[in-house]
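# Fold and geometry: a report
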Amino acid sequence: MKKVLGYVFLVVLAGVFVMTGVNKVTGAEMMIETFESFSYPTWTMYLLGALELLSAVGLLIPRTRILASGVLTFILIGAVGSHLIYAQYAAVPFPAVLLVANIGVLLVSLRQLEEEESLEMVQA
């Protein structure tokens, strides 16, 4: 049951990043306005959207989960920081919650990797 809930959580988290990535890649008006309010070049929106889409897929593949989660962690730190710097405080909770959830995935994945490596050492 615990594994099933973990996979459901990963699918939901990946789904959120697919939605936000698609909004950026397709140039949704809200995303354009947000990036313009930060004075960021438009190409960064497309780059971050593509990274979010690739990382969303990566979250679902065990071999790439740590890398994908690491990439998303940096993106989310930037998102939270940007909203704080530009005093868009109402927008902070969404990326902050995603950041915490993503760090959780990263820590669990790293722990699983550590356990697998210690098992290999015992068996060798």
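Report on the accompanying structure. Here the structure is a predicted model, which means the values were calculated and not measured.

Thresholds, definitions, all that
- Residues numbered from 1 in each chain as written.
- Predicted model: local features only at pLDDT ≥ 70, side-chain atom pairs only at ≥ 80, totals over all residues.
- Heavy atoms only, no water.
- Salt bridge = Lys/Arg side-chain N within 4 Å of Asp/Glu carboxyl O.
- Helix = DSSP H or I, 4+ residues; strand = E, 2+ residues; numbered from the N terminus.
- Buried < 20%, exposed > 50% of the residue type's maximum accessible area, 1.4 Å probe, protein only.
- Phe/Tyr/Trp six-rings, centres within 6.5 Å; stacked < 30°, edge-to-face > 60°.
- Axes fitted to C-alpha atoms, helices over the stretch in contact; angles between N-to-C directions.
- Parallel < 35°, antiparallel > 145°, perpendicular 65-115°, else oblique.
- Left-handed = near helix turned anticlockwise from the far one by under 90°.
- Contact = heavy atoms within 4.5 Å.
- Nonpolar A, V, L, I, M, F, W, Y, C, P; charged D, E, K, R; others polar.
- 1 Å grid on protein atoms, 1.4 Å probe; cavity = no way out; pocket = protein on both sides within 12 Å on 5 of 7 lines; lining within 4 Å.
- Points joined across faces, edges and corners; volume = space filled by probe spheres on them.

### A few points about the pattern of salt bridges
Scanning all chains against the criterion turns up 2 salt bridges. Taking the shortest distance from any N to any O, the salt bridge between Glu52 and Lys24 comes out at 2.9 Å. With Glu52 in helix H3 (residues 42–59) and Lys24 in helix H1 (residues 2–25), the pair connects residues that are 28 residues apart, well separated along the chain. What makes Glu52 buried here is its relative accessible area of 5%. In this structure, Glu115 and Arg111 form a salt bridge, with 3.8 Å as the shortest nitrogen-oxygen distance. Taken together, the residues span about one helical turn, with Glu115 and Arg111 both in helix H5 (residues 93–123) at a distance of 4 residues. By relative accessible area, Arg111 is classed as exposed at 56%.

### Points about the packing of aromatic side chains
Where two aromatic rings form a pair, the distance of their centres and the angle of their planes describe that pair. Applying the stated criterion across every chain yields a total of 4 aromatic pairs. When the centroid spacing of 5.2 Å and the interplanar angle of 55° are considered together, the rings of Phe38 and Tyr40 count as tilted. Residue Tyr40 is classed as partly exposed on the basis of its relative accessible area of 32%. Taking 6.4 Å as the distance between ring centres and 90° as the angle between the ring planes, the aromatic pair formed by Tyr40 and Tyr86 counts as edge-to-face. Taken as a pair, Tyr40 in the loop between helix H2 (29–37) and H3 and Tyr86 in the loop between helix H4 (65–85) and H5 lie far apart in primary sequence, 46 residues in all.

### Concerning the packing of H1 against H3
Orientation of H1 relative to H3, taken along the N-to-C sense of each, is 160°, at an axis distance of 8 Å. The orientation of H1 relative to H3 falls into the category roughly antiparallel. For H1 against H3, the interelement crossing comes out left-handed. Side by side, H1 and H3 meet where Leu10, Leu13, Ala14, Phe17, Val18, Thr20, Gly21, Val22, Lys24 and Val25 of the first sit next to Met45, Tyr46, Leu48, Gly49, Ala50, Glu52, Leu53, Ala56 and Leu59 of the second. Looking at the contact of H1 with H3 residue by residue, the class counts come to 14 nonpolar, 3 polar and 2 charged.

### Quick notes on the layout of surface pockets
Each pocket or cavity is described by its volume, and for the largest pocket that value is around 680 Å³. Looking at the lining of the largest pocket, the elements that each hand over two or more residues are H1, H4 and H5. Ranked by residue count, the leading element in the lining of the largest pocket is H5, at 9 residues. There is about 460 Å³ of room inside the second largest pocket. Around the second largest pocket, the lining is made up of 22 residues, and of these Lys24, Met31, Thr34, Ala79 and His83 lie nearest the centre. Broken down by secondary-structure element, the contributors of at least two residues to the lining of the second largest pocket are H1, H2, H3, H4 and H5. By residue number, the principal contributor to the lining of the second largest pocket is H4, which donates 6 residues. Across the lining of the second largest pocket, the residue classes break down as 14 nonpolar, 6 polar and 2 charged.

Note that all results are geometric; they support no functional claim without further evidence.
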